[in-house]
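These are the residues of each chain, in order.
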Amino acid sequence: MENILLFMAGILVGAMNAIAGGGMLIGFPVMLATGISPLVANVTSHFIVIPGQVGAIIGYRKYLRKVPKSYALLIIPCAIGGAIGATILKHTSSARFETLVPVLMLTAVILFAFQPFLHFHLHRHLKGRAKSLLPVLLIGCAFLPIAVYGGFFGVGFGFVIMAFLGFAQIHDIHLINALKCCSIFSISIVSAGLLARTGLVDWVPGSFMAAGCALGGYFGSRLAQRFSTHAIRIVVITIGLLAAGYLSLRTY
């Protein structure tokens, strides 16, 4: 029964990540509810989202072909930041991580809640700038600390990446989503590679959620225009706040 729940939650995680981000704000509490420890759930989440990002990239492939090749440079800060974050996580004890989780969870919820305002602010200040490599360099500088956060805590950084892509000289939301998925994939694959041998990956439940995530990622990217992102945002924020509150009570 738990594995079915994880599979269904994985579909939702993959779809949300493909549409707007924030999927693991749902997936992480579900994993905790099945009895998985916060540290193991966090490490496992880096593996869970990879099939979902692959599915989303396949779904967005026709848009991805239209993205200027210069944006491939963003893989570099994503990979470097993901490696730094995962290395820090490897040297963080379970007890220490559990004290950090409520703060990290609340931070993720706040970032998710204010993502539209961040996107508007960044886009407004960069609107009308000349087309050059400057936007790519600015985004790369912003991506590095975000990728470090993503490598350490695999929850709540996808929509921040999407917000900073407001710097890009790209106006099609599907092109931006395609770029976001590639960026998250880069962070996740590097982080997963460094964390694979830590003994902190719960492979069986993780595999069920990852399988659902792959389906959700593909179909979410195909049906993105039909979803109400406002409604999804309200549900995610509510669940995230409840999870952060529960973790705070349990930890402190």
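Residues numbered from 1 in each chain as written. Predicted model: local features only at pLDDT ≥ 70, side-chain atom pairs only at ≥ 80, totals over all residues. Heavy atoms only, no water.

> Provide a residue-level description of the confidence of the model for the chain, including the pertinent values.
Per-residue confidence for the chain gives a mean pLDDT of 83, with 80% of residues at or over 70. The least confident element of the chain is helix α11 (residues 229-251), whose mean pLDDT is 65; the most confident is helix α5 (residues 75-90), at 96. (pLDDT = per-residue confidence, 0-100. Helix = DSSP H or I, 4+ residues; strand = E, 2+ residues; numbered from the N terminus.)

> Describe the environment of glycine 193, and please don't skip the residues or the numbers.
Here glycine 193 is to be found in helix α9 (residues 173-195). Since its relative accessible area comes to 55%, glycine 193 is described here as exposed. Taking the C-alpha atoms as reference points, glycine 193 and phenylalanine 47, 146 residues apart in sequence, are found 9.1 Å from one another. (Buried < 20%, exposed > 50% of the residue type's maximum accessible area, 1.4 Å probe, protein only.)

> Break down empty space enclosed by the protein for me, citing the residues and quoting the values.
A complete count under the given rule lists one cavity of 30 Å³ or more for this structure. Taken as a whole, the largest cavity holds about 120 Å³ of empty space. Asn17, Val49, Gly154, Gly156 and Phe157 are, among the 16 residues lining the largest cavity, the residues nearest its centre. Here the element with the most residues in the lining of the largest cavity is helix α3 (residues 38-59); it accounts for four residues. (1 Å grid on protein atoms, 1.4 Å probe; cavity = no way out; pocket = protein on both sides within 12 Å on 5 of 7 lines; lining within 4 Å. Points joined across faces, edges and corners; volume = space filled by probe spheres on them.)

> Outline the environment of cysteine 78, listing residues and values.
Among the structural elements, cysteine 78 can be located in helix α5. On the basis of relative accessible area, cysteine 78 is assigned to the buried category, the value being 0%. When the C-alpha positions of cysteine 78 and alanine 142 are compared, they lie 9.9 Å apart, and in sequence the two are 64 residues distant. In contact with cysteine 78, other than residues within four places in its own chain, are Phe143, Ala147, Ser183, Ser186 and Ile187. (Contact = heavy atoms within 4.5 Å.)

> Quick one: what's the story with the nonpolar core, residue by residue and with numbers?
Of all hydrophobic cores here, the largest spans 65 residues; its most connected members are Phe28, Phe143 and Phe153. Looking at this core, the element that brings in the most residues is α3, giving 10 residues. (Core = buried A, V, L, I, M, F, W, Y, C linked by side-chain atoms within 4.5 Å.)

> Just give me the short version of the packing of aromatic side chains, but keep the residues and values in it.
Tallying each qualifying case throughout the model produces seven aromatic pairs. On the basis of an interplanar angle of 80° and a centroid distance of 5.6 Å, the ring pair of phenylalanine 28 and phenylalanine 153 is categorised as edge-to-face. Here the residue phenylalanine 28 occupies a position in helix α2 (residues 24-33), and phenylalanine 153 occupies one in the loop between α7 (134-152) and α8 (158-164), the gap between them amounting to 125 residues. Note on accessibility: phenylalanine 28 and phenylalanine 153 belong to one class, buried. Here the aromatic rings of tyrosine 60 and tyrosine 63 are separated by 6.5 Å at their centres, their planes lie at 70°, and the arrangement is edge-to-face. Of the two residues, tyrosine 60 and tyrosine 63, both sit in the buried class. Put simply, the rings of Phe28, Phe97, Tyr149, Phe152 and Phe153 touch in pairs and so form one group of aromatic residues. (Phe/Tyr/Trp six-rings, centres within 6.5 Å; stacked < 30°, edge-to-face > 60°.)

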